[in-house]
Amino acid sequence: MIRTRFAPSPTGYMHIGNLRTALYEYLIAKANNGKFILRIEDTDQARLVDGSIDIIYKTLKMAGIKYDEGPDIGGEYGPYIQSQRKNDYLDYAKQLVEKGEAYYCFCDKDRLDRLKDGDSISKYDRHCVSLSKEEIEEKLKNNTPFVIRQKIKDGTTTFIDEVYGEITVENEEMEDQILIKSDGLPTYNFANVIDDHLMNITHVVRGSEYLSSTPKYNLLYDAFGWDIPTYIHLPPVMKNQTEKLSKRNGDASFQDLIDKGYLPEAIVNYIALLGWSPSTNQEIFTLDELIQNFNIKGLSKSPAIFDIVKLTWLNGEYIKKMDFDKFFEMAEPVLKSVITKHYDLKKVAQHIKTRIGTINEIVDMVDFIESLPEYSTDLYIHKKMKTDEAISLEVLKNILPIFESLENWDNDTIYNAMIDLVSKMEVKNGIVLWPVRTALSGKPSSPCGASEMAEIFGKEETLNRIKKGIEKLS
Ligand code: GLU
């Protein structure tokens, strides 16, 4: 059975790249009737940030990514938490010491710092590798602080990554990395190997920054005689050709995007496409459709560029498809924050639903409804519609008494009145519609046409705005 895991360190917010890793792990598991596991890697106590575990839960929940198992936490199962599994790791490290694959190191900080300062030596110099059994026992008895280091053997290590292909490294390039720190906790590098094995993880998906550590992990698997998992390393998510997407951008986290008005489903859909190409041209996928279609063969090794324009388009498609009542529930508070007058907000919402990329765009789109903005008469000049200021003035002067005389005030009646004027003036539709639209909105673009706007405003406000237009143009 395929088993994947998402293994975030609770060090702050949920980066888009992390969420993508979680999503791919989830999809690989679900596409194969496998299991997806959440494992919080919190052994580096110095890097822990309060509240970040909650962010991980909340993000996965909003994204619809459910983990399948974990330790019992009072009737429910929780995620695996590495710091709560402390003792196992030390036992495993001791097993490696027994096998001659790891060793105790008693070098203190001063010595290690001196090593770092020395010429070009950046690796640990194996000072403790040849301590005698007696020396080790003596130091342990005296409670001398120690770490346990992996003993890297000579030779080369080769492995296959599903995205990057075959990778070979010279073992001498690798340092005898620390497996157990002086506080007794394992390093990430050790704990992830032990846990991946104990949890029967078959596919490890993570960022490409771990490619260079993977040979060391493989040496550990070999030392224990365990199976090596399938590796899927993912290229970074970039802001542009050269810069990684970062927190400083303000849009690198799931929560930033939610705050900017993006829908969780659209974000998940977009993130799935950041580095994975489906075999068809389909771009809009529900989570279930992603499960049906996802295949690791579609993963790319070139860095994915985060394209906010594309995400906004995709989000707009989700809004278009959304059930109107659900949309109105989201849009109403935003509309009410801009429009205090008693207009039919449902009608406004109907017009904007098909035109926005995000809920937050509503504000700028409807601000003219509350009060007519100051605008330049240049707006009446529209090349394609063949309008200019003079013809606009004539149109507004003509339409004013027509509107005044209308008994019914609904979209059709208002529209027909304008089309009657079109015939009377023997002009194209735009010659009448554009100036009226402009006079009503005072903006170069608006979420609906002249008659729809007039219907929302009611007769009085419509006439006021037309008169204002006449005044401006005269
Ligand atoms: N804890 C690591 C991180 O947050 C996970 C790496 C892995 O998946 O092995 O980057």
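Conventions we followed
Residues numbered from 1 in each chain as written. Predicted model: local features only at pLDDT ≥ 70, side-chain atom pairs only at ≥ 80, totals over all residues. Heavy atoms only, no water. Buried < 20%, exposed > 50% of the residue type's maximum accessible area, 1.4 Å probe, protein only. Helix = DSSP H or I, 4+ residues; strand = E, 2+ residues; numbered from the N terminus. Pairing = 2+ DSSP bridges. Near = heavy atom within 4 Å. Polar contact = N/O pair within 3.5 Å; in protein donor to acceptor, adjacent residues only side chain to side chain. Areas by Shrake-Rupley, 256 points an atom, 1.4 Å probe, with all protein chains shown as cover. Axes fitted to C-alpha atoms, helices over the stretch in contact; angles between N-to-C directions. Core = buried A, V, L, I, M, F, W, Y, C linked by side-chain atoms within 4.5 Å. Parallel < 35°, antiparallel > 145°, perpendicular 65-115°, else oblique. Left-handed = near helix turned anticlockwise from the far one by under 90°. Contact = heavy atoms within 4.5 Å. Nonpolar A, V, L, I, M, F, W, Y, C, P; charged D, E, K, R; others polar. Expected span 1.5 Å × (residues − 1).

A. Structural context of the pairing of strand 6 (residues 102-105). Residues of strand 6 alternate between two faces, with Ala102 and Tyr104 on one and Tyr103 and Cys105 on the opposite face, all of them buried. Across four bridges, strand 6 lies against strand 7 (residues 147-150) in antiparallel orientation. If you follow Tyr103 over to strand 7, its bridge partner there is Arg149.

B. Representation of the site of the ligand within the structure. Around the ligand, the surrounding shell consists of Arg5, Ala7, Pro8, Ser9, Glu41, Tyr188, Arg206 and Tyr210. Separating an oxygen atom of the ligand from a side-chain N or O atom of Tyr188 is a distance of 2.5 Å. Arg206 places a polar side-chain atom, nitrogen or oxygen, 3.0 Å from an oxygen atom of the ligand. Starting from 300 Å² of accessible surface for the ligand in isolation, the protein chains cover 86%.

C. Region of the structure containing the sheet that holds strand 7. One open sheet holds the three strands; their spatial order is 6-7-10, and the pairing between them is antiparallel. Lying at the two open borders of the sheet, with one neighbouring strand each, are strand 6 and strand 10 (178-180). Mean inter-strand twist for the sheet, computed between neighbouring axes without regard to direction, equals 40°. Where strand 7 meets strand 10, two bridges bridge the pair, whose relative direction is antiparallel. Paired with Ile148 across the strands is Ile180, a residue of strand 10.

D. Representation of the nonpolar core in the model. Membership of the largest hydrophobic core comes to 108 residues, with the highest contact counts inside it found for Phe327, Leu335, Ile362, Val366, Phe403 and Val436. Counting 37 residues, the second-largest nonpolar core is a separate cluster that includes Ile136, Ile194, Leu211 and Ala223.

E. Main features of the packing of helix 13 (residues 345-353) against helix 18 (residues 450-473). Contact geometry of helix 13 with helix 18 gives a least axis separation of 10 Å together with a crossing angle of 155°. With respect to helix 18, the axis of helix 13 lies roughly antiparallel. Between helix 13 and helix 18 the crossing geometry is left-handed. Counted together, Lys347, Val348 and His351 of helix 13 and Glu452, Glu455 and Ile456 of helix 18 form the full contact between these two elements. Its residues placed into classes, the contact of helix 13 with helix 18 shows two nonpolar, one polar and three charged.

F. Structural detail: helix 17 (residues 429-441). If you check helix 17, its first and last C-alpha atoms are 18 Å apart, about what 13 residues at 1.5 Å a residue would give, namely 18 Å. With respect to burial, helix 17 is a largely interior element, 11 of its 13 residues being buried. Listed in full, the buried residues belonging to helix 17 are Gly430, Ile431, Val432, Trp434, Pro435, Val436, Arg437, Thr438, Ala439, Leu440 and Ser441. Summarising the contacts, the buried residues of helix 17 are in contact with helix 14 (362-370), helix 15 (389-405), helix 16 (411-425) and helix 18.

G. Up close: the packing of helix 17 against helix 18. Look at helix 17 against helix 18: their axes get within 9 Å of each other, and the N-to-C directions meet at 70°. Taken as axis vectors, helix 17 and helix 18 run roughly perpendicular relative to one another. Every pair of crossing elements has a handedness; the one defined by helix 17 and helix 18 is left-handed. Contacts from Leu433, Val436, Arg437, Ala439, Leu440 and Ser441 in helix 17 reach Ala450, Met453, Ala454, Phe457, Thr462, Arg465 and Ile466 in helix 18. Among the residues forming the contact of helix 17 with helix 18, the class breakdown is nine nonpolar, two polar and two charged.

H. Up close: unusual backbone geometry. Positive phi outside glycine occurs at Asn33, with the angle close to 50°. Tracing the backbone shows Asn33 in the loop between helix 1 (16-31) and strand 2 (35-40). For Asn33, a relative accessible area of 69% corresponds to the exposed category.

I. Broad picture of the pairing of strand 11 (residues 203-207). With five of five residues buried, strand 11 is to be regarded as a mostly interior element. Across five bridges, strand 11 lies against strand 12 (residues 230-234) in parallel orientation. Opposite Val205, over in strand 12, you have Ile232 as the bridge partner.

J. Region of interest: the environment of Lys310. By the element assignment, Lys310 lies in helix 11 (residues 308-321). Its relative accessible area of 26% is what places Lys310 among the partly exposed residues. Between the alpha carbons of Lys310 and Gly357 there is a distance of 9.8 Å; along the sequence they are 47 residues apart.

By themselves, these figures tell us nothing about what the structure is for.
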